[in-house]
Structures are given as C-alpha cells and as structure tokens.
Amino acid sequence: MPDQRLKTYTPQASRHLGMAGAVLAARQQTEGAQRGNVPPWPGADDPDFHGTLAAIWIWARHHRLSGDARFAGNRSAAWTFVDGQGRRFVPEALDSAASDEAAYDCALLLMAHDAERALTPSDGRRQALVDRAARVLAAYLDALTDFSGREFKDPGFLARALIEH
C-alpha cells in the first residue's frame, strides 16, 4: 500500500514554493542594468547569479507542480539577467582564477535550466552556456581528490546537479 503522506506532497510543495516564489519575485530587480537579478536580501544591489538561478528553479518547480504560470514573467526576466551575466560567472575552467562560488554557479545553472526545460522545450539560446557549465563541472569533479568540500564546493551537491542534467 502506498504511503499516504506521499499523496500530500504535491499540494504542500506547491504551496510552499509559491510562498517562497512570491518573496523572491518581490525582491527581483525590475529595471536598470541588473534587471532580472534576484538579490540575496532586500536592498542589496550586487548581482547574485546563483541566487537568481535558485529563484528560477523555485518558480519553475512551482509552475510544474501547480500549473500556475504566475511567475513566468519573473523567470523570463531572470533568464535575461543570467544570459547577460553568464560569461562572468561561468568560467572556462574551475582553476585558481575562478571564484570560490563558480562550481556552485555551474551546478545551479544546470538545475535551473533543467527545471525550465521541463516546462518549455529549450530554444537553444543559452545552450552554449549550459554546455560550458556541464563541461567545466564534470572536469572539476573528475579531478577532485578531496571530497570534504562544503558550502559552495559540496561535491555531493555538484555531482547531483550534473547527474540530473
């Protein structure tokens, strides 16, 4: 007999993702050079690449679970920001010149892209960026010898993002 708790997952997850999505949508920059950026806290004005990607994932998962497209405009604006900032945040290699957050940025790009692709077929606009993120992340994980990384370099999280992609 199936676990009865599983039947409540979709409505509960959808509700919580909708609430989180609303908070993120209210924080999203709607104009200027950083249009589409979702900063980490109200009033922050630094570009937050992985924060914006996490917001895209939340909005896309909400849409997929609920069928409610209310965050479609937010996702579109966020992708405009990501497309414009991609070369800055997704390096050609994860080496000493890359930021400490670059591996995490690559992983979240893959996750956000996959969540978006589940809603609409990829039109190929950002495919080169996604392919670079996957290649760079795969090379980084292949060369990894110390698996104790946490925060932005948690190898389990990074590998899961690549595997799901």
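These figures come from a predicted structure and were not determined experimentally.

Counting its regular elements, the protein contains 6 helices and 0 strands. Starting at the N terminus and ending at the C terminus, the protein contains elements arranged as α-α-α-α-α-α. Here the C-alpha atoms of the protein give a radius of gyration of 16 Å, agreeing with the 15 Å that 2.2 N^0.38 yields for 165 residues. Seen through its principal axes, the protein has C-alpha atoms that stretch 50 × 45 × 30 Å. For the protein, the proportion of its 165 residues judged to be buried stands at 42%. Taken as a whole, the protein presents about 9,200 Å² of accessible surface, with 54% of it coming from carbon and sulfur. One finds the centroid of the 19 positive side-chain charges in the protein at a distance of 8 Å from the centroid of its 21 negative side-chain charges.

Here we take up the pattern of salt bridges. Evaluation of the coordinates by the stated rule reveals 7 salt bridges. With its nearest N and O atoms 3.0 Å apart, the salt bridge here joins R126 to D83. With a gap of 43 residues between them, R126 in the loop between α4 (102–117) and α5 (127–143) and D83 in helix α3 (residues 72–89) connect regions that are remote in the sequence. A relative accessible area of 8% means that R126 is categorised as buried. The partly exposed category is assigned to D83, whose relative accessible area is 33%.

Our focus in this paragraph is the packing of helix α2 (residues 49–66) against α3. As a packed pair, α2 and α3 sit with axes 10 Å apart at the nearest point and diverge in direction by 145°. The handedness of the crossing between α2 and α3 comes out as left-handed. From α2, F49, T52, L53, I56, W59, A60 and H63 reach across to α3, where they touch N74, R75, A78, W79, F81, V82, Q85, G86 and F89. A per-class count over the contact of α2 with α3 returns 10 nonpolar, 5 polar and 1 charged.

Rules used throughout
- Residues numbered from 1 in each chain as written.
- Predicted model: local features only at pLDDT ≥ 70, side-chain atom pairs only at ≥ 80, totals over all residues.
- Heavy atoms only, no water.
- Helix = DSSP H or I, 4+ residues; strand = E, 2+ residues; numbered from the N terminus.
- Rg over C-alpha atoms; globule rule 2.2 N^0.38 Å.
- Buried < 20%, exposed > 50% of the residue type's maximum accessible area, 1.4 Å probe, protein only.
- Areas by Shrake-Rupley, 256 points an atom, 1.4 Å probe, with all protein chains shown as cover.
- Lys, Arg positive; Asp, Glu negative; His and termini not counted.
- Charge placed at Lys NZ, Arg CZ, Asp CG, Glu CD.
- Salt bridge = Lys/Arg side-chain N within 4 Å of Asp/Glu carboxyl O.
- Axes fitted to C-alpha atoms, helices over the stretch in contact; angles between N-to-C directions.
- Left-handed = near helix turned anticlockwise from the far one by under 90°.
- Contact = heavy atoms within 4.5 Å.
- Nonpolar A, V, L, I, M, F, W, Y, C, P; charged D, E, K, R; others polar.

Remember, this is a structural readout, not a statement about activity or role.
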